[in-house]
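Summary of structural features
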Amino acid sequence: MTENRANSKLYSHWWMSKGYTLGVIWFSHACVWQVPNSILHRNHRDNVGQNHLTVGPGNGYFLGKLPKDTPLRTLHLLDLNPACLEITRKRLGNRFDVRTAEQDALKPWPVEPDSLDSVDSHMMLHTVRGKDMWDKEPLMAEAARALKPGGRFFGCTVLGKGEELRINPLARRFLDLYNSQENTFCNLDDTPEDLRKVLEKHFSAVDFRVVGAVGVWVATK
Ligand SMILES: C[S@@+](CC[C@H](N)C(=O)[O-])C[C@H]1O[C@@H](n2cnc3c(N)ncnc32)[C@H](O)[C@@H]1O
């Protein structure tokens, strides 16, 4: 399996602060992957706890839209790409106590076992290297280790194949293109069945569904 490496061209300061929200969050989520952003907003709003860790925050868009009365206080950000950490810290540092870790999400996380109320990973597992979802299992294992009993791991990811998925012609083109580019997507063999099974292996209750080409979940430790 290839190592996960930072990609400063794809996750550049300019793109993450100027283009990402429009090009990816507003356009691709709806038109390519067919997942309404209302689902991602609800996932964040309904499941985030006081001491929370986000894996791959991007530009912090969804965390930035949490309502005023959110329970979130301490926000750990874990990301391979420094621009994502900097932009999200700048966006949210005046609202939350933000702590950052620049590292691969498949490596052990710098948090104590049973210490977090919640963990999220939205639209990032499809960029993680691996021949299929089982190679990405260390991320789920770390989330389960770091959460308190009853804590929640919630997120979503673009999947590459499976009968339940709705892969429209645009999604087909983008999946093939991004998987052929160096260090971009790596998800052609990520399936809904494997994702559900990996989650069920590490969590006591799993609510999983497919929306468009995306697997969406809330898992409880
Ligand atoms: C497509 S963006 C998603 C951003 C955000 N979660 C959202 O939903 O808007 C993927 C994020 O995951 C990060 N990332 C990709 N691979 C990673 C890895 N192996 N370890 C940690 N972070 C990673 C990227 O730097 C980026 O912040």
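Nothing here was measured: the structure is a model prediction, and the numbers come from that model.

Thresholds, definitions, all that
Residues numbered from 1 in each chain as written. Predicted model: local features only at pLDDT ≥ 70, side-chain atom pairs only at ≥ 80, totals over all residues. Heavy atoms only, no water. Near = heavy atom within 4 Å. Polar contact = N/O pair within 3.5 Å; in protein donor to acceptor, adjacent residues only side chain to side chain. Areas by Shrake-Rupley, 256 points an atom, 1.4 Å probe, with all protein chains shown as cover. Pairing = 2+ DSSP bridges. Helix = DSSP H or I, 4+ residues; strand = E, 2+ residues; numbered from the N terminus. Axes fitted to C-alpha atoms, helices over the stretch in contact; angles between N-to-C directions. Buried < 20%, exposed > 50% of the residue type's maximum accessible area, 1.4 Å probe, protein only. Contact = heavy atoms within 4.5 Å. Salt bridge = Lys/Arg side-chain N within 4 Å of Asp/Glu carboxyl O. UniProt positions renumbered as here; feature names shortened; annotations may be inferred.

Let's talk about the site of the ligand
In the region of the ligand, 19 residues are neighbours, and Gly56, Asp79, Asn81, Ala105 and His122 sit closest. One of the backbone nitrogen or oxygen atoms of His122 is found 2.7 Å away from a nitrogen atom of the ligand. Calculation on the ligand without its partners gives an accessible area of 600 Å², and the protein chains cover 95% of this total.

Things to note about the sheet that holds strand S3 (residues 97-102)
Ordered in space as S3-S2-S1-S4-S5-S7-S6, the 7 strands form an open sheet in which the pairing is mixed. Two strands lie at the open edges of the sheet, namely S3 and strand S6 (205-211), each paired on one side alone. Each strand of the sheet is rotated relative to its neighbour by a mean of 15 degrees, with strand direction disregarded. Bridge count between strand S1 (residues 51-55) and strand S4 (residues 116-122): 3 bridges; the pairing is parallel.

Side note on helix H5 (residues 137-146)
Owing to its 3.6 residues per turn, the α-helix brings residues three or four apart onto one side. When you tally the buried positions in H5, you get 7 out of 10 residues, the bulk of the element. For H5, the set of buried residues is Glu137, Leu139, Met140, Glu142, Ala143, Ala144 and Ala146. As for H5, its buried residues are in contact with S1, S4, strand S5 (147-158) and helix H7 (192-202).

Concerning the pattern of salt bridges
Applying the stated criterion across every chain, the model contains 13 salt bridges. Across the salt bridge formed by Asp176 and Arg172, the nearest N and O atoms sit 3.0 Å from each other. Of this pair, Asp176 and Arg172 both sit in helix H6 (residues 169-180), separated by 4 residues, roughly a single helical turn. Relative accessible area serves as the criterion here: at 39%, Asp176 is assigned to the partly exposed category.

A short note on the UniProt feature "domain: Methyltransferase type" (unreviewed entry) in the protein
Mapped onto the present numbering, the UniProt feature "domain: Methyltransferase type" (unreviewed entry) falls at residues 53-154. Overall, residues 53-154 shows 25% helix and 29% strand. The separation of its end C-alpha atoms is 11 Å.

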